[in-house]
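Tertiary structure, described
As a plain string of letters, each chain reads:
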Amino acid sequence: MTCGFSFNRLAQVLRWDVAAGWRGYITGMCAAALILLMVFVMSSRNVGGDFVVLTDEARMEDKADFAVSAFVFAMVCGASLTAFGLGDKARRAACFMLPAAPLEKFVARCLQVTVGVGTLLVAAVAVADALHFVFCLIVGTNGGLHSVFALFAERLAHEVAEPFTRELEPGASNVVLGIYGIVAFVWLQSLMLVGSVLFSRYQLVITTIVLAVCWAVLAFLTYPFFRGPIPFAFFEVSAAVLPVLIVADYAVAYRLFRRMQLVSRKWINV
């Protein structure tokens, strides 16, 4: 294999992965859209003997909040799918035989479980919103017709921009708070990524349990220091340290990915 990183080979790996797993992607998107649709129509009830879908402002914002929560969940937990499909010996052999460098294969996987999963979830929200709109037309509504997807996009943009515009105490920086929010999210995602290549099976479940236990222990040990309001210095230090931890997590994940064998251990890829 030629040394160096090639974007052309990266594109070929992405094309191979999509061609090999497109049915799984479509199935996952449809399943997500179905779950979202079920939540969207759960507010339906009989009013005065007529079947009415409640689409008032409060109910629509609740649906948009759920869609945003689903998006965040998918972006974080989607990273646990980095090694998805490689548990099968034949698929793993096919991946190893691809004419691309390990780094290109790893980057392709990372793009699929971050950008790819996020795109599929947005598409699922759009599909669920369209079906919800049709459902409202069929059964009628007492709150008018509204778009969940429009509120979802608005709420998502608000959640990203809110730390940068929040009114803070004198001396505090919105930029620092905003950067902290972003890097904290990416750090959690990178931890799920490490778990996805460290564990051979049930990556999402095992990684979530390990992180929950570690978080509980850390919270117990640091509780005396954070009993009062969190000092802003905590966000400043975290905004500086977390990017280093993110790079370290990706480096560890890549090293584990490179060391994956055709026949893996039962639980851990080490």
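As a reminder, the structure under discussion sits directly above these lines.
The following paragraphs examine the structure supplied in this document. The model shown is predicted, which means the values in this text are computed figures rather than measured ones.

On the surface, Phe 73, Tyr 202, Leu 204, Val 205, Ile 209, Val 213, Val 217, Phe 220 and Leu 221 cluster together into a nonpolar patch covering about 940 Å² of accessible area. Counting residues per element, the nonpolar patch draws most heavily on helix H7 (residues 203-222), which supplies seven residues. Within the secondary structure, Leu 204 is located in helix H7. Taking the relative accessible area as the measure of exposure, Leu 204 reaches 32% and is therefore partly exposed.

All chains considered together, the criterion is met by seven aromatic pairs. Relative to Phe 152, the ring of Phe 149 lies with its centre 5.9 Å away and its plane at 45°, an arrangement referred to as tilted. Linking Phe 149 with Phe 152, this pair stays in helix H5 (residues 148-165), spanning three residues, or about one helical turn. On the basis of relative accessibility, which here comes to 29%, the residue Phe 149 falls in the partly exposed class. Owing to a relative accessible area of 2%, Phe 152 belongs among the buried residues under this scheme. With a centroid separation of 4.9 Å and an interplanar angle of 80°, the aromatic rings of Tyr 180 and Phe 235 are classed as edge-to-face. One end of the pair, Tyr 180, is in helix H6 (residues 174-198); the other, Phe 235, is in helix H8 (residues 232-258), and 55 residues separate them in sequence. Of the residues examined, Phe 235 reaches a relative accessible area of 15% and is grouped as buried.

Next up on the list: the pattern of salt bridges. Tallied over the full model, the rule gives three salt bridges. The partner of Arg 9 in a salt bridge is Glu 104, with the nearest N and O atoms 2.7 Å apart. Taken together, the residues span a long stretch of sequence, with Arg 9 in helix H1 (residues 7-41) and Glu 104 in helix H4 (residues 102-139) at a distance of 95 residues. On the basis of relative accessible area, Arg 9 is assigned to the buried category, the value being 16%. For Arg 155, the salt bridge goes to Asp 65, with nearest N and O atoms at 2.0 Å. Of this pair, Arg 155 sits in helix H5 while Asp 65 sits in helix H2 (residues 57-77), and the two are 90 residues apart along the sequence. Exposure remark for Asp 65: the relative accessible area of 31% places this residue in the partly exposed category. Residues joined in a network through salt bridges with shared partners are Glu 61, Asp 65 and Arg 155.

Okay, the nonpolar core next. Among the nonpolar cores identified, the biggest contains 19 residues, and Leu 36, Val 125 and Phe 152 are the most heavily contacted of them. Secondary-structure elements contributing two or more residues to this core are H1, H2, H4 and H5. Those residues in contact with Val 125 that lie beyond four places of it in its chain are Leu 36, Ala 67, Phe 149 and Phe 152. Counting twelve residues, the second largest nonpolar core, distinct from the first, contains Val 76, Ala 79, Leu 256 and Phe 257.

Contact geometry of H6 with H7 gives a least axis separation of 9 Å together with a crossing angle of 125°. Taken together, the axes of H6 and H7 lie oblique to each other. Viewed along their axes, H6 and H7 form a crossing whose handedness is right-handed. Counting all contacts with H6, which are made through Leu 188, Leu 191, Met 192, Gly 195 and Ser 196, the residues of H7 involved are Gln 203, Leu 204, Thr 207, Thr 208 and Leu 211. A per-class count over the contact of H6 with H7 returns five nonpolar, five polar and no charged.

Cut-offs applied
Residues numbered from 1 in each chain as written. Predicted model: local features only at pLDDT ≥ 70, side-chain atom pairs only at ≥ 80, totals over all residues. Heavy atoms only, no water. Patch = residues over 30% accessible without salt bridge, like charges linked within 9 Å, V, L, I, M, F, W, Y side chains within 5 Å. Areas by Shrake-Rupley, 256 points an atom, 1.4 Å probe, with all protein chains shown as cover. Salt bridge = Lys/Arg side-chain N within 4 Å of Asp/Glu carboxyl O. Helix = DSSP H or I, 4+ residues; strand = E, 2+ residues; numbered from the N terminus. Buried < 20%, exposed > 50% of the residue type's maximum accessible area, 1.4 Å probe, protein only. Phe/Tyr/Trp six-rings, centres within 6.5 Å; stacked < 30°, edge-to-face > 60°. Core = buried A, V, L, I, M, F, W, Y, C linked by side-chain atoms within 4.5 Å. Contact = heavy atoms within 4.5 Å. Axes fitted to C-alpha atoms, helices over the stretch in contact; angles between N-to-C directions. Parallel < 35°, antiparallel > 145°, perpendicular 65-115°, else oblique. Left-handed = near helix turned anticlockwise from the far one by under 90°. Nonpolar A, V, L, I, M, F, W, Y, C, P; charged D, E, K, R; others polar.

Taken by themselves, the reported measurements are silent on function.
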